[in-house]
Amino acid sequence: ECVELRDMLFHLSRLPVFSGEFAKAFAHDLDALVCLKKLKYFYNLPMGTVSACLAKLAQRYTSKEDCKTWEKYMFAVYDNQELCVKGIFRFIALASKSASQYKSHADSLEKLDPHGVYPTSIYRQCYATTLSNEDASKIESVMSTTITTSIKIKTGLLKKESPELRDIYKPLGRCVAVIDRQVDGIYGKQIEDYFKAHNISLVKLVYGAMEKDKDISSVEKILIDFKRAGVARCEPVLIVGGGVITDLGGFASALYHRNTPYVMLCTSIVSGIDAGPSPRTCADGYGYKNIYGAYHPPVVTLTDRAFF
């Protein structure tokens, strides 16, 4: 019911958060920039994501006392799984006295910036300029897609106290993870323990990721498993491993639902500095190297130096 918070969300939903100008305005605080880019689409976010973003912003722009209050609020949402995964617009419609104002703003946003209400993805925006002659027998168009991505270099991402993966997957209620078989043999238990500690369901999809496995047939296997797991179009898949699984899992994500987001947890130097943050995803086939592929970067790349 906070008017100031409501006005902030309304204002943010109208801003071009993917623009270079907006990014430069927050060059001094990249963590705040990440939160603001997400909150633009607050109508489509689960309560857990909204509460986590607000708690992080509170760390930067409020008193220590208020910061503790927002953190306490975030964990209260996290502890209520049903509330945590619930879309905020549905929650407002059912529980807020300001429901009519949120509905009115959403209606106006449909005309000003439809992406703000109905994004196909909160990680990208599409633009186009379309021209035609008088009878529309000739049409010319210039189209573009802007993609947002985050890269973080950390140590100890699988420690229970690390919030990076928790804050991504807790609001989703689960994590579907594509894992290099060699990595699973070494770190599989640690990965399972991390998600279990945060009460997040983990679906592990484990594959061979040697150079001989980098074939289009491996991509097909991943796509079939995505369908069996019921991966949603807006659900970031977690890919864990080195360069080969990065290429295979990233390419499968590009094909699945035509553009499924993914988070890359890099366990090798190659994936951490090259294949992981790179938009180039690919697979071999018929004796040709990288003959299939797509430009599809991860929405978040996490490089953990503890793996090296």
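If you're wondering where the values come from, they're calculated on a predicted model, not measured in any experiment.

Student: I would appreciate a short explanation of the overall build of the chain in the present structure.
Tutor: On a plain count of helices and strands, the chain comes out with 13 helices and 10 strands. Taking 19 Å as the expected radius of gyration for a compact globule of 308 residues, we find that the chain reaches 21 Å, a close match to that expectation. For the chain, the spread of C-alpha atoms along the three principal axes comes to 60 × 60 × 40 Å. A total of 308 residues make up the chain; the buried ones form 48% of that total. Taking the contacts inside the chain whose residues are at least 6 apart along the sequence as the reference set, 71% of them involve residues at least 24 apart. Entry remark: accessible area of the chain is about 16200 Å², with carbon and sulfur atoms responsible for 56%. Separation of charge centres in the chain, based on 39 positive and 34 negative side chains, amounts to 3 Å.

Student: I tried to follow the nonpolar core on my own but got confused; where do I start?
Tutor: Considering soluble globular proteins, one finds that nonpolar side chains tend to be buried as a cluster. With 56 residues, the main nonpolar core has Leu 39, Leu 165, Tyr 169, Phe 195, Leu 238, Val 263 and Leu 265 as its most contacted residues. In terms of residue count, the dominant contributor to this core is helix H4 (residues 47-61) (seven residues). Apart from the residues lying within four places of it in its own chain, the contact partners of Leu 165 are Leu 157, Leu 158, Tyr 194, Phe 195, Leu 238, Leu 265 and Leu 302.

Student: Sorry if this is basic, but what is going on with the packing of helix H11 (residues 216-229) against helix H12 (residues 243-255) here?
Tutor: Each packed pair of helices is defined by two parameters, the angle between the axes and the distance between the axes. For the pair H11 and H12, interaxial distance at closest approach is 9 Å and the crossing angle is 55 degrees. In this view, H11 runs oblique relative to H12, as classed from their interaxial angle. Here the hand of the crossing between H11 and H12 comes out right-handed. For the pair formed by H11 and H12, the contact residues are Ile 216, Ser 218, Val 219, Ile 222, Leu 223 and Phe 226 on the first element and Leu 248, Gly 249, Phe 251, Ala 252, Ser 253 and Leu 255 on the second. In the contact of H11 with H12, the residues fall into nine nonpolar, three polar and no charged.

Student: Would you explain the packing of aromatic side chains in this entry?
Tutor: Pairs of aromatic rings are described using the distance from one ring centre to the other and the angle between the two planes. Within the structure shown, the criterion is met by 11 aromatic pairs. When the centroid spacing of 6.2 Å and the interplanar angle of 70 degrees are considered together, the rings of Tyr 169 and Phe 195 count as edge-to-face. Remark: Phe 195 occurs in helix H10 (residues 181-197) and Tyr 169 occurs in helix H9 (residues 164-169); sequence separation between them is 26 residues. Summarising the burial analysis for this pair, Tyr 169 and Phe 195 share the class buried. Seen from their ring centres, Tyr 194 and Phe 195 are 5.3 Å apart, and the 85 degrees between their planes marks the pair as edge-to-face. For Tyr 194, a relative accessible area of 2% translates into the label buried. Of the residues examined, Phe 195 reaches a relative accessible area of 1% and is grouped as buried. Of the aromatic side chains, those joined through ring pairs into one cluster are Phe 10, Phe 42, Tyr 43 and Tyr 102. Looking at Lys 40, its charged tip hangs above the ring of Tyr 41, at a distance of 6.0 Å from the centre.

Student: Please clarify how the environment of Asn 290 should be interpreted in this entry.
Tutor: Within the secondary structure, Asn 290 sits in strand E9 (residues 288-295). With 75 residues separating them in the primary sequence, Asn 290 and Asp 215 have C-alpha atoms 8.8 Å apart.

Student: Which parts of the structure should I look at to understand the layout of surface pockets?
Tutor: Any empty space left between atoms is shown by rolling a water-sized probe over those atoms. Taken as a whole, the largest pocket spans an internal volume of roughly 920 Å³. Together, 41 residues line the largest pocket, and Lys 38, Thr 49, Cys 53, Asp 167 and Ile 168 are the ones closest to its centre. Within the residue set of the lining of the largest pocket, elements represented by two or more residues are helix H3 (30-39), H4, helix H5 (64-79), strand E3 (150-154) and H9. Among the residues making up the lining of the largest pocket, the classes are represented as 23 nonpolar, seven polar and 11 charged.

Student: Please explain the pairing of strand E10 (residues 300-304) as it appears in this structure.
Tutor: Burial analysis of E10 places five of its five residues in the buried class, the great majority of the element. Both faces of E10 are covered, namely the face carrying Val 300, Leu 302 and Asp 304 and the face carrying Thr 301 and Thr 303. Relative to E10, E3 runs parallel, the two being bridged by five bridges. Residue pairing for E10: Ile 151 is matched across the bridge by Thr 301. Alignment of strand E7 (residues 262-266) against E10, held across four bridges, turns out to be parallel.

So, how was this worked out
Residues numbered from 1 in each chain as written. Predicted model: local features only at pLDDT ≥ 70, side-chain atom pairs only at ≥ 80, totals over all residues. Heavy atoms only, no water. Helix = DSSP H or I, 4+ residues; strand = E, 2+ residues; numbered from the N terminus. Rg over C-alpha atoms; globule rule 2.2 N^0.38 Å. Buried < 20%, exposed > 50% of the residue type's maximum accessible area, 1.4 Å probe, protein only. Contact = heavy atoms within 4.5 Å. Areas by Shrake-Rupley, 256 points an atom, 1.4 Å probe, with all protein chains shown as cover. Lys, Arg positive; Asp, Glu negative; His and termini not counted. Charge placed at Lys NZ, Arg CZ, Asp CG, Glu CD. Core = buried A, V, L, I, M, F, W, Y, C linked by side-chain atoms within 4.5 Å. Axes fitted to C-alpha atoms, helices over the stretch in contact; angles between N-to-C directions. Parallel < 35°, antiparallel > 145°, perpendicular 65-115°, else oblique. Left-handed = near helix turned anticlockwise from the far one by under 90°. Nonpolar A, V, L, I, M, F, W, Y, C, P; charged D, E, K, R; others polar. Phe/Tyr/Trp six-rings, centres within 6.5 Å; stacked < 30°, edge-to-face > 60°. Lys NZ or Arg CZ within 6 Å of the ring centre and 35° of its normal. 1 Å grid on protein atoms, 1.4 Å probe; cavity = no way out; pocket = protein on both sides within 12 Å on 5 of 7 lines; lining within 4 Å. Points joined across faces, edges and corners; volume = space filled by probe spheres on them. Pairing = 2+ DSSP bridges.

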